[in-house]
Amino acid sequence: MCGIVGYTGPKQAYPIVLKGLQRLEYRGYDSSGVALLKDGKLSVYKKKGKVAELEQEMLQKDSSAHIGIGHTRWATHGEPSDRNAHPHRSANGRFAMIHNGIIENYAQLKNELVSKGYSFSSDTDTEVLLNFIEHIQTNNNCDVEEALRIALKRVTGAYCILLIDEQDPDTIIAARKGSPLVIGVGKGEHFLASDASPIIEYTKEVVYVNDYELAIVKPDQLILKNLGNEKITPYITTLDMELAAIEKGGYDHFMLKEIFEQPSTIYDCLRGRLDANAGTITMGGIEKNFEQLINANRIMIVACGTSWHAGLVAEYIIEEICRIPVEVEYASEFRYRNPIVNKGDVIIAISQSGETADTLVALEKAKENGAFIFGVVNVVGSSIARISHAGAYTHAGHEIGVASTKAFTGQLAVLMMMALKMAIKKGTITQERYQQLLNELQDVPEKVNAILKNAEELKTIAHKYKDAGDFLFLGRGYNFPIALEGALKLKEISYIHAEGYPAAEMKHGPIALVDEKLPVVFIATKDSYHEKIVSNMQEIKARKGKIISIITQGDHISPTLSDDVFSIPPADELIAPIISVIPLQLLSYYTGIAKGIDVDKPRNLAKSVTVE
Ligand code: F6R
């Protein structure tokens, strides 16, 4: 949540910061702002709304400074408004600061400052932290770096901050705990950002800053220190990412691009790992610690949102073919309750961004209790990837659309490979079944491609139902989590209230909602539950609900019960979720578009949820 960018060097800072904010807008778009420092004068410009509003505001301003910081906000403390937008200025006007995260003890710090005569011009925790730093700096008559260190030791919560000082013409001071920060190392210039997307255009050499580290960044110097003022050698890594990956490439929206990329992202995920001809799955990160996994007494999967849905699919598959008990936990619950994590339990953490605060803190807690953690993460070098003992990347590439699509199918592919690898090693699956599933998994990209060719059919269906007030999504077995995912996608992108349910559970309550106005989406592919789900369709039809069904090609029964049908290629029931989710992604995309919604930036959401 919230995107931050900074630049110091010979170029004009503003165009770099602005472009960076546009790239980071997926992290929040309630307001944005920049602070520019030129000739010892600090100027701050900020605006409620999307980055385009700020861009407009800046047209008549002097933006020729060579050092600047910028922020795009997802509101936590204080409503979206100009006054709550970042950057904030300290009371004496000397410092400007941007912040991603939450200062949990801000109220206490604010009271202390108020008692010392401070007043505030915003409702934010950020302004409190900044004035706390200013107060320490003036009171102790120390340099700002020292003041920051003292202040951060008093702070609880999460932060990534960038600060510029009117009295220091070319330095950005940055610090992080719990919110990401990447520093791009150029020739005589440095770039700072929440992720690499604002940086990739200028340099591929980056340093990922760790928690409790402070960076003092000048055009030709990068000093990293810990909060104890000891220097740390920056570890420079080379980004494996191309600029094209973060641009729309001819699609109207990132979400559509990402949906259509899935044949290749799933292929990339399987490539070099799955060899159906040889009957092997190679996963370096998993193999090194394989014994932990196959000898687990229990697997606990910890995740949020769409990643949690991937965890539910994995639960069904792992229990089926590996015979290891699995529990799937919402990270936000896991971190606060007192879960039993025993020796021999293994945690699988699933996250696209690798920065989700709830998941990260849940893992820290589990790690303290001695749990072994496997990460299934998309963003390379992210905090969750780094905190995990072992893991596998999903290789879905940069996902920018706020609604997760290609990362989800990547997660399912990785989890499926992990399950198959465990099952064959444990001997809980026959060689024949194993080989059959390898073959099926290898065919997934082609099947997804076939679905995408018929995307227009879903556009028609979306137009027909776009004005519905509610939707119900029903599935059974492996497709039950896909019903949950379909409902979540529709809510996010179209603002239509939607619920996902196991189809049979529907009669224990939600059936009361059914009338001739309610569209009910059945994920009714040919599997061992098919006859049962057909009975559930009958129950809806008897109550005049509108049935949209996702069926397997060649199924002649379901269409007779349905108002609208979308057919997908046949697939083994364990593999089906990876392909049955595709039409649901498209259905929500086209519904959102039909309703005129900015599907890449739906209201109130942010891509990377780095606050709890
Ligand atoms: C939904 C969506 C969210 C995320 C959730 C977890 O489309 O994107 O529900 O899945 O916020 O995020 P990650 O996977 O980054 O931990």
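You'll find the structure just up there.
What comes next is a walk through the structure. Since we're looking at a predicted model, the values are computed, not measured.

With respect to the packing of helix 7 (residues 262-270) against helix 14 (residues 406-426)
Then comes step 1: At a closest axis distance of 9 Å, the pairing of helix 7 and helix 14 adopts a crossing angle of 30°. Judged by the inter-axis angle, helix 7 sits roughly parallel to helix 14. Seen along the crossing, helix 7 lies across helix 14 with a hand that is right-handed. Note on element contacts: helix 14 touches helix 7 through Lys-406, Thr-409, Gly-410, Ala-413, Val-414 and Met-417, opposite Gln-262, Thr-265, Ile-266, Cys-269 and Leu-270.
Then comes step 2: The residue makeup of the contact of helix 7 with helix 14, split by class, is six nonpolar, four polar and one charged.

Some details on the site of the ligand
Then comes step 1: Near the ligand there are 15 residues, and of these Ser-307, Ser-351, Gln-352, Ser-353 and Thr-356 occur at the shortest range.
Then comes step 2: Contact distances for the ligand include 2.7 Å between an oxygen atom and a backbone N or O atom of Gln-352.
Then comes step 3: A distance of 2.8 Å separates an oxygen atom of the ligand from a polar atom in the side chain of Glu-492.
Then comes step 4: Contact with the protein chains hides 91% of the accessible area of the ligand, taken as 410 Å² for the molecule alone.
Then comes step 5: Of all the secondary structure elements, the ones that give two or more residues to the shell around the ligand are helix 10 (305-322) and helix 18 (480-494).

A closer look at the sheet that holds strand 27 (residues 564-568)
Then comes step 1: Overall, parallel pairing links the five strands, which are arranged 24-23-25-26-27 in an open sheet. Here the strands that pair on one side only, and so sit at the sheet edges, are strand 24 (497-502) and strand 27. The mean inter-strand angle of the sheet, taken between neighbouring strand axes irrespective of direction, is 15°.
Then comes step 2: Of the pairings in the sheet, the one linking strand 23 (residues 470-475) to strand 25 (residues 519-524) comprises four bridges and is parallel in character. Bridged to Leu-472 within strand 25 is Val-520.
Then comes step 3: This element, helix 17 (residues 455-465), spans strand 23, strand 25, strand 26 (546-552) and strand 27 of the sheet and lies at about 155° to strand 27.

As for the nonpolar core
Grouped burial of nonpolar side chains is what soluble globular proteins tend to show.
Then comes step 1: Ile-299, Ile-318, Ile-348, Met-418, Leu-420, Leu-441 and Phe-471 are the most contacted members of the largest nonpolar core, which has 97 residues in total.
Then comes step 2: Of the residues forming this core, the biggest block, twelve residues, is contributed by helix 14.
Then comes step 3: Residue contributions to this core reach at least three from each of two domains, namely domain 2 (251-442) and domain 3 (453-612).
Then comes step 4: When sequence neighbours within four positions are dropped, the list of residues in contact with Met-418 reads Met-283, Ile-286, Leu-293, Ile-348, Phe-374 and Val-376.

Parameters and conventions
- Residues numbered from 1 in each chain as written.
- Predicted model: local features only at pLDDT ≥ 70, side-chain atom pairs only at ≥ 80, totals over all residues.
- Heavy atoms only, no water.
- Axes fitted to C-alpha atoms, helices over the stretch in contact; angles between N-to-C directions.
- Helix = DSSP H or I, 4+ residues; strand = E, 2+ residues; numbered from the N terminus.
- Parallel < 35°, antiparallel > 145°, perpendicular 65-115°, else oblique.
- Left-handed = near helix turned anticlockwise from the far one by under 90°.
- Contact = heavy atoms within 4.5 Å.
- Nonpolar A, V, L, I, M, F, W, Y, C, P; charged D, E, K, R; others polar.
- Near = heavy atom within 4 Å.
- Polar contact = N/O pair within 3.5 Å; in protein donor to acceptor, adjacent residues only side chain to side chain.
- Areas by Shrake-Rupley, 256 points an atom, 1.4 Å probe, with all protein chains shown as cover.
- Pairing = 2+ DSSP bridges.
- Core = buried A, V, L, I, M, F, W, Y, C linked by side-chain atoms within 4.5 Å.
- Buried < 20%, exposed > 50% of the residue type's maximum accessible area, 1.4 Å probe, protein only.
- Domains from an automatic or database assignment.

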